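One letter stands for each residue in the lines below.
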Amino acid sequence: MEESAQDEEVVQYEKKHKTGNVNKGKAEIGLLVVDALLTLCGLVYNCWHDRKEDETGKLDSQPQLEAQWQGEIPIGMEDYRRINLENRNDNIITSGSFNVQYIVCLQTEVEADELFTWENVFFESEIEYDDALQGCFLFIEDDFSKYEESIIDKCADNGIEILECGSYAFCCFQYVEAGRERTEYYLISLKPYEQCKVIEVEDPEKYKQCYLMDRSVF
């Protein structure tokens, strides 16, 4: 009986010791997992923080353009509409120039754009940056929408379904900042009764390859 009681005590001791080791092992694994998660969270935060700093630095060091319609104005024998193109981050600019091109962007199927351009739709295609204006004035033909309408009519005559069609100013801004020459590209939406939207262009080559249209048909 005494031996049986001793054997039972040994068994219970071994079970308790084994359970303690298992719990200790689980606790150690849990700590390792928590440590790994904390390390991963730290890496993710650092990446996010670095990215935000890069984005903030980019915003601080490049022009912030806004465009607004400013009414009609006669120049010579023609009537033009004036657009005020203003840089809200003008403190970085020491000199520069804008080169603008009128284009019509036509979309006939998903992600398929056709680009058309006409020369001399803007009174000047190259305009110097004006410190007093913090930008420049663009002058576009008062009836510029006729070019967009002509494309729509031609598509309708040929049974082509249009998903989207719009007029834009493709703008190349070359400027000097802290002694370094830089270039930025923008699209400016041209809807006479809506706010002009300025869109930064990441693929300018796409907009440099437009179909040159004949103005003599108007």
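Refer to the preceding data block for the structure.
Residues numbered from 1 in each chain as written. Predicted model: local features only at pLDDT ≥ 70, side-chain atom pairs only at ≥ 80, totals over all residues. Heavy atoms only, no water.

(A) The arrangement of the overall build of the protein in detail. Counting its regular elements, the protein contains three helices and ten strands. Here the protein, with 218 residues, has 31% of them falling under the buried criterion. The contacts of the protein with a sequence gap of at least 6 include a subset with a gap of at least 24, amounting to 62%. Per element, the accessible surface of the protein, about 14,800 Å² overall, is 50% carbon and sulfur. (Helix = DSSP H or I, 4+ residues; strand = E, 2+ residues; numbered from the N terminus. Buried < 20%, exposed > 50% of the residue type's maximum accessible area, 1.4 Å probe, protein only. Contact = heavy atoms within 4.5 Å. Areas by Shrake-Rupley, 256 points an atom, 1.4 Å probe, with all protein chains shown as cover.)

(B) Region of interest: the packing of aromatic side chains. In total, this model carries 14 aromatic pairs according to the counting rule given. Note on Tyr102 and Tyr147: the rings are 5.8 Å apart at their centroids and 55° apart in plane angle, and the pair reads as tilted. In this pair, Tyr102 sits in strand β3 (residues 95-109) while Tyr147 sits in helix α2 (residues 145-157), placing the two residues 45 residues apart along the sequence. Put simply, the rings of Trp69, Tyr102, Trp118, Phe144 and Tyr147 pair up and form one aromatic cluster. The ring of Phe137 has Arg82 sitting right over it, with the charged end atom 4.6 Å from the ring centre. (Phe/Tyr/Trp six-rings, centres within 6.5 Å; stacked < 30°, edge-to-face > 60°. Lys NZ or Arg CZ within 6 Å of the ring centre and 35° of its normal.)

(C) Structural detail: the nonpolar core. Counting residues in hydrophobic clusters, the biggest one holds 34 residues, and the most contacted among them are Leu85, Tyr102, Leu138, Ile140, Ile188 and Leu190. Going through the elements one at a time, β1 (65-75), β2 (78-87), β3, β6 (135-141), α2, β7 (164-177) and β8 (180-189) are the ones with two or more residues in this core. Excluding residues within four positions of it along the chain, Ile188 makes contact with Ala67, Leu85, Leu138, Ser167, Tyr168, Ala169, Cys171, Cys196, Lys197 and Val198. Grouped together as the second largest cluster of nonpolar side chains are eleven residues, Phe170, Cys172, Leu187 and Cys210 included. (Core = buried A, V, L, I, M, F, W, Y, C linked by side-chain atoms within 4.5 Å.)

(D) Up close: α2. For α2, with 13 residues, the first-to-last C-alpha span of 19 Å sits near the 18 Å given by 1.5 Å per residue. Inspection of α2 places Tyr147, Glu148, Ser150, Ile151 and Cys155 among the buried residues, and these make up the whole buried set. Projected onto a plane normal to the axis of α2, the buried residues spread over an arc of 155° and lie on a single side. Exposed residues on α2 whose side chains face more than 90 degrees from its buried face are Ala156 and Asp157. Among the structural elements, β3, β4 (112-117), β6 and β7 are those in contact with the buried residues of α2. (Expected span 1.5 Å × (residues − 1). Arc of directions from axis to C-beta.)

(E) Examining the sheet that holds β1 more closely. Taking strand neighbours across the sheet as the criterion, the three strands line up as β1-β2-β6 in an open arrangement whose pairing is antiparallel. What marks the edges here is a single partner per strand, and that holds for β1 and β6. Taking the axes of each pair of neighbouring strands and ignoring which way they run, one obtains an average angle of 25° across the sheet. Examined bridge by bridge, β1 and β2 share nine bridges and lie antiparallel to one another. What sits directly across from Trp69, in β2, is Ile83. (Pairing = 2+ DSSP bridges. Axes fitted to C-alpha atoms, helices over the stretch in contact; angles between N-to-C directions.)

(F) Representation of the side chain of Ser167 within the structure. With respect to the helices, strands and loops of the structure, Ser167 is situated in strand β7. In this structure Ser167 comes out as buried when scored by relative accessible area, which is 4%. In terms of polar contacts, Ser167 uses its side chain to reach the side chain of Tyr102, at 2.7 Å. Excluding its chain neighbours within four sequence positions, the residues that come into contact with Ser167 are Tyr102, Ile103, Val104, Phe144, Glu148, Ile188, Ser189 and Leu190. (Polar contact = N/O pair within 3.5 Å; in protein donor to acceptor, adjacent residues only side chain to side chain.)

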